[in-house]
Amino acid sequence: MMRTLQECQAEVFRRSEQRIRERKKRRKHLLMLCIPLVLCLTAVSGLLISGFGLSKSTDEAIPEMFDGESVTSPAVNVSPDTVEVSGNGLSHLYTVEEDVQGIIDLIDKVVSTMQVTTATGSVITETTPASTMVTEADPKANAYHILIRHGNGRVTEYSLSETFLTDHATLQTFPITADTYCAFMDILNLPFP
Amino acid sequence: MDNGASSYRRFLDGDESAFESIMQELFHGLVFFLHGYVHDIHAAEDLAIDTFSDLIVHKHRYNFKVKLKTYLYMVGRSRALDYIKHNKRLTFTELSQAQSVSDTMSSLEDMVLADERMRIVHTAIATLPRDMQAAVHLIYFEDMTYEEAAKVMKRNRKQIDNLLYRAKKELRIILGKDGDLL
């Protein structure tokens, strides 16, 4: 038997309220499920981003540390080479700051002139040991004392007489000509004999 | 008369009695229309109740661009087709209940089809295929326009035209000389 219109209307309202209640319940359940899910996703993505950012900053730092071209530490200042001359009647020690490299080059030239390449390929220096000298006195006598302070902190010492240049470190004596001696006097601003 | 739109606006504004006037105007017609699909008066009534409860649960789905009647028939038809899809098995009615079902249907027809001629035509229409039945019912029994009927049946106007043309042709054959009734 068919329901009356009023019964049908009552049924419409009853079903409507039931459906609204169910919708609210489903929405609430969905929210209860989504909030922890969103929080977890946020935490995981935050961890991933921080981990990625950390590794990226480390990776970027590494090439700078291992860059072969930038070996010299910028904090170290290389001071210029200086030459100090004393002895042989000089009243005081004086420092030569001009053309220091010229002095070093002249000394190297004297040393290299005496170096000979043997048949085996090794380089030897032909020097006159102090013990074999016959005629003159001690090569360091009446000699100027030359102290070269290099910019990297190394110090080399030589004695310069009219006929010999002596390396204090190796105790090697290199004979020099009168022209070479005059060149030394000139470059060191010393008085000619 | 705007087929319930103004009553629905009053209902949305808080006047619950307005819903009663909507139901008085449209409920039985909807049940009759849905019966054409599901062929079960109680199921049609249930579907009509669910359709009307949609108006309350989803208050803002109806946008007043079509008549309220058209909107209700659209929703009802969708529900009926879903019902048919999910209830394809035959329903058996016990003999003792058959008479009451027949009586129920008769009382519904009494409500909707007051005119005897309309009853005859309706009996003939019941022999037509489902879509033709729906088209004829909407145009000639529910006084819908072709556009409104097209919206309810989710077809275009041309398709409704074709359905009606073929339905009339069939009814002329079924009703014989009485086909002039349409």
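That block above? That's the structure.
Residues numbered from 1 in each chain as written. Chains lettered and ligands numbered in written order. Predicted model: local features only at pLDDT ≥ 70, side-chain atom pairs only at ≥ 80, totals over all residues. Heavy atoms only, no water.

Quick notes on the pairing of strand β1 (residues 82-86) of chain A
Residues and elements named next belong to chain A. Operational definition: Note on exposure labels: buried denotes an accessible area under 20% of the residue type's maximum, exposed denotes more than 50%, and partly exposed covers the range between, all computed with a 1.4 Å probe on protein chains only. Helix numbers and strand numbers start at the N terminus; a helix is a DSSP run of H or I with at least 4 residues, a strand a run of E with at least 2. One requirement defines pairing of two strands: DSSP has to find at least two bridges between them.
Of all 5 residues in β1, 5 are buried, a share of seventy percent or more. Neither face of β1 is left uncovered, since the one carrying Thr82, Glu84 and Ser86 and the one carrying Val83 and Val85 both have all their residues buried. Pairing between β1 and strand β5 (residues 144-149): 5 bridges, direction antiparallel. Across the sheet, Ser86 pairs through a bridge with His145, a residue of β5.

Let's talk about the interface of chain A and chain B
Note the threshold: Only heavy atoms matter for contacts: two residues are in contact if any of them lie within 4.5 Å across the pair. What counts as buried area is the accessible surface, traced by a 1.4 Å probe, that two parts surrender upon association, with contributions from both included. Any Lys or Arg side-chain nitrogen found within 4 Å of a carboxyl oxygen on Asp or Glu counts as a salt bridge. Two N or O atoms form a polar contact when they lie within 3.5 Å of each other; inside protein one atom must be a possible hydrogen donor and the other a possible acceptor, and for residues adjacent in sequence the pair counts only when both atoms belong to side chains. Any residue that is not Ala, Val, Leu, Ile, Met, Phe, Trp, Tyr, Cys, Pro, Asp, Glu, Lys or Arg is counted as polar, Gly included; the first ten are nonpolar and the last four charged.
Residue-level contacts link 14 residues of chain A with 22 residues of chain B. Carbon and sulfur atoms supply 63% of the area that chain A and chain B bury against each other, a total of about 1900 Å² over both sides. Where chain A touches chain B, the interface holds 5 salt bridges. In this structure, the salt-bridge partner of Arg15(A) is Asp50(B), at a minimum N-O distance of 2.8 Å. In this assembly, chain A and chain B are joined by 7 residue pairs in polar contact (both at pLDDT 80 or more). For the side of chain A that touches chain B, the per-class residue count stands at 7 nonpolar, 2 polar and 5 charged.

Concerning helix α7 (residues 130-141) of chain B
Residue and element names in this part refer to chain B. Under the convention used in this document: Here, expected helix span is obtained from the residue count minus one, scaled by 1.5 Å.
Taking 1.5 Å of rise per residue, 12 residues should cover 16 Å, and α7 covers 15 Å from first to last C-alpha, within 8% of that figure. Within α7, 9 of the 12 residues are buried, leaving the element largely enclosed by the surrounding structure. Within α7, burial applies to Met132, Gln133, Ala134, Ala135, Val136, His137, Leu138, Ile139 and Phe141. Residues of α7 that are buried sit in contact with α2 (17-38), α4 (68-86), α6 (116-125), α8 (146-153) and α9 (157-175). The positive-phi residue at the C-terminal boundary of α7 is Asp143, with phi of around 55 degrees.

Some thoughts on the sheet that holds strand β2 (residues 94-96) of chain A
Residues and elements named next belong to chain A. Definition in use: To define axes, lines are fitted to C-alpha atoms, for helices over the stretch in contact only, and angles between the resulting N-to-C directions are given on a 0 to 180 degree scale.
In space, the 6 strands of this open sheet follow the order β2-β1-β5-β6-β7-β8, with antiparallel pairing throughout. Two strands in the sheet have a free side with no partner beyond their single neighbour: β2 and β8 (172-175). Strand-to-strand twist of the sheet, defined as the mean angle between neighbouring strand axes without regard to direction, takes the value 25 degrees. Direction of pairing for strand β7 (residues 164-167) relative to β8: antiparallel, over a ladder of 4 bridges. Looking across to β8, one finds that Asp167 is bridged to Gln172.

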